[in-house]
Amino acid sequence: MTAANKPAVLLSPIAEEVLHGLGARRRQLPPKLFYDKEGSRLFDQITETAEYYPTRTERAILREYARDMVRHAGNNLTLVELGAGSASKTQILIQALLGRQLRADFYPVDVSSSALQGALASLNGHFPRLRVSPIVADYTHHLPDLKRLPGRKLVLFLGSTIGNFEPEEAAGFLRDVRRSLESGDALLIGFDLVKEQGILHAAYNDAEGVTARFNKNVLARINRELGGSFDLDGFAHVAFWNRRKSRIEMHLESLYEQTVWIQDLGRGFHFEPGERIHTENSYKFNDRSIRRLLRRAGFTLERSWTDPQGWFCEALARA
Ligand code: SAH
Ligand code: AVI
């Protein structure tokens, strides 16, 4: 059969991304592929490890200042959360919000339907005056039309998930968020801050190996969903601090020469020993880079809150 009369094969969006990422000269997979049911479960487990400080630090900031944050954001707020996951820290903000208004609407957005189901069950159990409308979507492709929602919006983007974007993409993405808002609406966004290298390194190399399992879950997911033949013991979890780029990098490194067949793509991928797949960057910020990013996206930084050690920053920006 010649190329011209080869039947067209329609690939699922995930298959397209895997084909594109593994077919590239520098192999990579987008971090959103981590988050199937197992990946969302493993992420929540990471947040409970002793080494992963971002979640507990952000939670402590929210516990201390949630009322202040909500008061600054405005009256009669509708909450939207991008990459909400299980929304466990969000409960602190919701509690503060419902202390100021009788009812509220909450729209958590996430690619992971299992994470949103968990969030919904837990929120419905805790907050009878909250109406929760989960949206399963990739927010980089389908940002909900926030202008159509009633009331003043407060968009939450917690956990420093903005750090998983490349700097150019982060600015472009936040610009899209800003365009979807009306003047006076607000964004509350979490930034993990640059700190001592040992603390950063440990957070992505926990002793129990939960982060390693989370990283390898992307290969397990390809095996499950696309008929892949990845040997999970044939790849090592590699995570390190890249000071020049101010980011933690995560990779999966082939431990020997191997060819991995992926049924749904109808092809194999050859790996040399030591060859890596780049799976995630997690950029860390400082005061200057936060201001610069928000300014480039057209937001005005109004207030920010941090913990006593200066490890994490929660910023309130106005559209
Ligand atoms: N906000 C939570 C979860 C952070 S983990 C916290 O602070 O703990 C990142 C979350 O973003 C995951 O739940 C993941 O499923 C979601 N996510 C990642 N990329 C996404 C995308 N492109 N579109 C929608 N959700 C995404
Ligand atoms: C969701 N995101 C901000 C996490 C981070 O720290 O970059 C994902 C993660 N990767 C490894 N551990 C946690």
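Structural data are supplied above this passage.
Please read these numbers as outputs of a predicted model, since none were measured by experiment.

J.: When you look at the pairing of strand E7 (residues 235-242) in this model, what are you seeing that I'm missing?
T.: Two faces make up the sheet, and in a regular strand the side chains alternate between them. The element E7 is largely enclosed, with a buried count of 6 among its 8 residues. The pairing of E7 with strand E8 (residues 247-254) spans 8 bridges and is classified as antiparallel. From the neighbouring strand, Trp241 faces E8, where its bridge partner is Ile248. The loop that links E7 with its antiparallel partner E8 comprises 4 residues; one of these, Ser246, has a positive phi angle of about 55°.

J.: Looking at this structure, how should I read the nonpolar core?
T.: Within soluble globular proteins, side chains that are nonpolar tend to cluster in buried spots. Grouped together as the largest cluster of nonpolar side chains are 33 residues, with contacts concentrated most on Val18, Leu22, Leu29, Leu219, Phe230, Ile262 and Ile277. Broken down by secondary-structure element, the contributors of at least two residues to this core are helix H1 (13-23), helix H2 (37-46), helix H7 (197-203), helix H8 (210-226), E7, E8, strand E9 (258-262) and strand E10 (267-271). At 6 residues, H8 tops the list of elements feeding residues into this core. Residues contacting Phe230, with those up to four places away along its chain left out, are Leu22, Leu219, Ile222, Asn223, Phe235, Val260, Ile262, Phe271 and Ile277. In this structure, Val80, Leu149, Phe157 and Phe285 belong to the second largest nonpolar core, which totals 32 residues.

J.: Can you help me understand the environment of Gly274 in this one?
T.: Assignment of secondary structure puts Gly274 in the loop between E10 and strand E11 (276-283). Overall, Gly274 belongs to the partly exposed group, its relative accessible area being 40%. A sequence separation of 22 residues divides Gly274 from Leu252, and the C-alpha atoms of the two residues are 9.3 Å apart. Among all residues touching Gly274, those that are not within four sequence positions of it are Glu253 and Ser254.

J.: Mind showing me how you'd approach the side chain of Asp192 here?
T.: If you trace the backbone, Asp192 turns up in strand E6 (residues 186-192). Within the structure, the side chain of Asp192 is placed 2.6 Å from the side chain of Tyr53, a separation counted as a polar contact. Polar side-chain contacts of Asp192 include one of 2.8 Å to the side chain of Lys284. Other than its neighbours up to four places away in sequence, Asp192 contacts Tyr53, Pro54, Ser160, Tyr283, Lys284, Phe285, Trp311 and Phe312.

J.: I tried to follow the site of ligand 2 on my own but got confused; where do I start?
T.: The local shell around ligand 2 holds 14 residues, among which Tyr52, Asn164, Tyr204, Glu280 and Ser282 are the closest. For ligand 2, a nitrogen atom lies 2.9 Å from a polar atom in the side chain of Asn164. Within the contact set of ligand 2, an oxygen atom lies 2.7 Å away from a side-chain nitrogen or oxygen of Ser282. For ligand 2, whose accessible area on its own is 340 Å², the fraction buried by protein is 97%. When contributions to the shell around ligand 2 are tallied by element, the ones reaching two or more residues are H2, H8 and E11.

J.: Could you clarify how one ought to interpret the layout of surface pockets in this entry?
T.: As a volume, the second largest pocket reaches approximately 360 Å³. If you go around the second largest pocket, you meet 18 residues; those closest to its centre are Pro167, Phe285, Ser289, Arg292 and Leu293. Put simply, the parts of the chain that give the lining of the second largest pocket at least two residues each are helix H6 (167-179) and helix H9 (287-296). Of all the elements, H9 adds the most residues to the lining of the second largest pocket, at 6 residues. When the residues that make up the lining of the second largest pocket are grouped by side-chain class, the tally is 7 nonpolar, 4 polar and 7 charged.

J.: What's the story with the site of ligand 1 in this structure? I'm lost.
T.: Close contacts around ligand 1 come from 17 residues, with Gly83, Lys89, Asp110, Asp138 and Tyr139 the closest. Between ligand 1 and Gly159, the relevant distance is 3.5 Å, taken from an oxygen atom to a main-chain nitrogen or oxygen of the residue. Protein contact buries 92% of the 570 Å² of open area that ligand 1 shows by itself. Looking at the shell around ligand 1, its residues break down into 7 nonpolar, 5 polar and 5 charged.

J.: Sorry, what's going on with the packing of aromatic side chains here?
T.: For any pair of aromatic rings, geometry is given as the distance between the ring centres together with the angle between the planes. Across all of its chains, the model carries 18 aromatic pairs by this definition. For the pair Phe34 and Phe214, a centre-to-centre distance of 4.4 Å together with 35° between the ring planes defines the contact as tilted. With Phe34 in the loop between H1 and H2 and Phe214 in helix H8, this residue pair connects regions lying 180 residues apart in the sequence. For the ring pair Tyr35 and Phe214, a centre distance of 5.6 Å and an interplane angle of 65° mean the geometry is edge-to-face. Pair noted here: Tyr35 is in the loop between H1 and H2 and Phe214 is in helix H8, with a separation of 179 residues, a long-range link. Residue Tyr35 is classed as partly exposed on the basis of its relative accessible area, which comes to 21%. For Phe214, a relative accessible area of 3% gives the class buried. Taken together, the aromatic side chains of Phe34, Tyr35, Phe43, Tyr52, Tyr204 and Phe214 make up a single cluster linked through ring pairs.

Cut-offs used in this document
Residues numbered from 1 in each chain as written. Chains lettered and ligands numbered in written order. Predicted model: local features only at pLDDT ≥ 70, side-chain atom pairs only at ≥ 80, totals over all residues. Heavy atoms only, no water. Buried < 20%, exposed > 50% of the residue type's maximum accessible area, 1.4 Å probe, protein only. Helix = DSSP H or I, 4+ residues; strand = E, 2+ residues; numbered from the N terminus. Pairing = 2+ DSSP bridges. Core = buried A, V, L, I, M, F, W, Y, C linked by side-chain atoms within 4.5 Å. Contact = heavy atoms within 4.5 Å. Polar contact = N/O pair within 3.5 Å; in protein donor to acceptor, adjacent residues only side chain to side chain. Near = heavy atom within 4 Å. Areas by Shrake-Rupley, 256 points an atom, 1.4 Å probe, with all protein chains shown as cover. 1 Å grid on protein atoms, 1.4 Å probe; cavity = no way out; pocket = protein on both sides within 12 Å on 5 of 7 lines; lining within 4 Å. Points joined across faces, edges and corners; volume = space filled by probe spheres on them. Nonpolar A, V, L, I, M, F, W, Y, C, P; charged D, E, K, R; others polar. Phe/Tyr/Trp six-rings, centres within 6.5 Å; stacked < 30°, edge-to-face > 60°.

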